[in-house]
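Summary of the model geometry
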Amino acid sequence: MSGLPAPSAPCGASGLDAGHRPRPLGKVTRIAPFSARADARSGPTGGYRRWGAATPPASVTRSFALSETSQTPYHGHNAARRSRRKNDILRKTYDNPRVRLLGLALAATLSVFPMGLVAQQGSGDGQAGPPQDSGPPTVDIPLIGEVPVPGFIAAMLGLGGDEGQAGPGQGEQPPPAVVWTPAETRAVAETFDFLGRIAPIEVVGVQTRVPGFIERVAFSGGQTVAEGDVLFEIEATRYEAELQSAKASAESARAQLTAAQRSLERAQELRESGTVSVASLDEATAAFESASGTLSQAEAAVRQAELDLAYTTIAAPISGRMSAPLQTRGNFVDSTTGEIAELTQMDPIWGVFALGETRLIEWQRLGIGGEPGAAAADDTNDNGGEPAAGQRVSGDGYRLSLLLPDGSVYDDTGSLSFIGSSVDPATGTVDVRVEFPNPDGLLLPNQNVTLRVTEADPPEFPVIPQAAVQLGRDGRAVWVVKEDDTVARVPISVRPSGQPGEVAVTEGLSGGERVIVRGTMNLQDAAKVDPRRASDAPGASTQ
């Protein structure tokens, strides 16, 4: 310890006052104990009282001396690190949204706070002289003086040269440009849409009336048949034999009746001559009546046999489309077999829709639907006062059309068949059935469709784009360009027009007005504008 060189400078010069921690260089690794270092940080003199001297021990001074020799590289490293830290702090400050918000607040304060704006320009005072370099714009803040304004704030305040300073007579702005479209008058029909399905008017489940084996199936699945066409044939041999037997029994009964009639006639003649008794006459009369009854029974058996034989041929009771046969040739069928095929009427066909209670009342007020004889009151026909086929029950002022699942409109219009007589308590709706012609079989049972009820003779209203309508406290309104190119805000009432992106104006416009569709943000009543038609404005869209 005593062989170490003495320190070349006082303890204060070695960095103890700055609080630096000694770092030895080279191979020297001997460092003063922790207690000595802790005492050294407390001061140049007071920290060494532990040794009973005013100067630090040799080990401490040696460590401080070595640290002082490496002061240049050590402090160079710290300087670079402090520079990087400063750059990081500045970058984070510039990226901080609060700092940006503070800059905007400062700009707003400078624009509102009364102050003198001084633009430093070379010839701003109007005096002749050599041009001078203009410095950044400044503002004169009371109690502070002139303060340079950053470039972005100067641009916001309009400082920075003669270009931003408007002279007398140069502050007028051109009128704002607006895009308008004419309010076209067209027929707008009131329309109601209802979801529903297609249902057949008649459906027949084909069954056999007599038991037997199926001998022939005379149709294929999906085939359209007419009323009376043969569908099935049951084996008829048995029923032909039964018919012959019934006819023979009838002939025998007829012969017995003839014999009984002759016996009765003889008994009557003999009774008149007194040859036979009254009892014999009564017996002859009873035999005749019994033979007559037997003949009637035999004739009924013949009729039944003829019917059974006829039932072996199953014909179509209505015109329609057949399903696939449920029983094929060779199968035994009887009355317990059930349906062997299904026949569905396709033309005409029903559209079935559910009408809510509220809409039902509206329909009744409009005259859509009513008593079945309402339409026949004016037009008489040969059906005994009933409406003819294809004739509406009521509501002739409305057209009943059909929307198919793909969105297309069905070609033929329908006629209202009837409206249900009671409301379903579970759904609160009434069934409405509309009859549609279906000659091509395009409509199929259980197909989802939409019924559209439209006015047949609709009124005319001005039609404008939906984008032109503004909604405010006083309701809907539009901006209109007058003849002198000034604008006015006109309150209106609208209703659906049936076209997407358009509305019909029922009150407020008469048609032909120039309605503004773009540029209404900052308009005021009686303001002058630069009107441009929507078809002429580049990129204008009224939808």
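Here we summarise the structure given alongside this text. All of these numbers come straight from a predicted model, not from anything done at the bench.

Some details on the overall build of the chain
Helices and strands together make up the secondary structure of the chain, namely 8 helices and 27 strands. Counted over contacts in the chain with a minimum sequence separation of 6, partners at least 24 positions apart contribute 71%. Of the accessible surface of the chain, which amounts to about 33300 Å², a share of 51% is contributed by carbon and sulfur atoms.

Let's talk about helix α6 (residues 237-273)
Compared with the 54 Å implied by 1.5 Å per residue over 37 residues, the 56 Å span of α6 between its first and last C-alpha is a close match. Turning to α6, its buried residues number three or more, namely Tyr239, Leu243, Ala246, Ala250, Ala253, Leu257, Ala260, Leu264 and Ala267. Considering only its buried residues, α6 is in contact with α7 (278-311).

What about the packing of α6 against α7?
At their nearest, the axes of α6 and α7 sit 7 Å apart, and the two run at 165° to each other. Comparing the axis directions of α6 and α7 gives the class roughly antiparallel. For the crossing formed where α6 meets α7, the hand is left-handed. By residue class, the composition of the contact of α6 with α7 is 21 nonpolar, 9 polar and 8 charged.

As for the packing of aromatic side chains
Under the defined criterion, the tally for this structure stands at 4 aromatic pairs. Arranged with centres 5.2 Å apart and planes meeting at 65°, the rings of phenylalanine 213 and phenylalanine 332 form a pair that is edge-to-face. Highlighted residues: phenylalanine 213 in strand β8 (residues 212-217) and phenylalanine 332 in strand β13 (residues 332-333), separated in sequence by 119 residues. Their ring planes at 85° and their centres at 5.3 Å tell us that phenylalanine 219 and phenylalanine 232 sit as a pair that is edge-to-face. In this pair, phenylalanine 219 is assigned in the loop between β8 and β9 (224-225) and phenylalanine 232 in strand β10 (residues 230-234), connecting sequence segments 13 residues apart. Each member of the pair phenylalanine 219 and phenylalanine 232 is classed as buried. One residue, arginine 514, lies across the ring of tryptophan 180, its end atom 5.5 Å from the ring centre.

Criteria and thresholds
- Residues numbered from 1 in each chain as written.
- Predicted model: local features only at pLDDT ≥ 70, side-chain atom pairs only at ≥ 80, totals over all residues.
- Heavy atoms only, no water.
- Helix = DSSP H or I, 4+ residues; strand = E, 2+ residues; numbered from the N terminus.
- Contact = heavy atoms within 4.5 Å.
- Areas by Shrake-Rupley, 256 points an atom, 1.4 Å probe, with all protein chains shown as cover.
- Expected span 1.5 Å × (residues − 1).
- Buried < 20%, exposed > 50% of the residue type's maximum accessible area, 1.4 Å probe, protein only.
- Axes fitted to C-alpha atoms, helices over the stretch in contact; angles between N-to-C directions.
- Parallel < 35°, antiparallel > 145°, perpendicular 65-115°, else oblique.
- Left-handed = near helix turned anticlockwise from the far one by under 90°.
- Nonpolar A, V, L, I, M, F, W, Y, C, P; charged D, E, K, R; others polar.
- Phe/Tyr/Trp six-rings, centres within 6.5 Å; stacked < 30°, edge-to-face > 60°.
- Lys NZ or Arg CZ within 6 Å of the ring centre and 35° of its normal.

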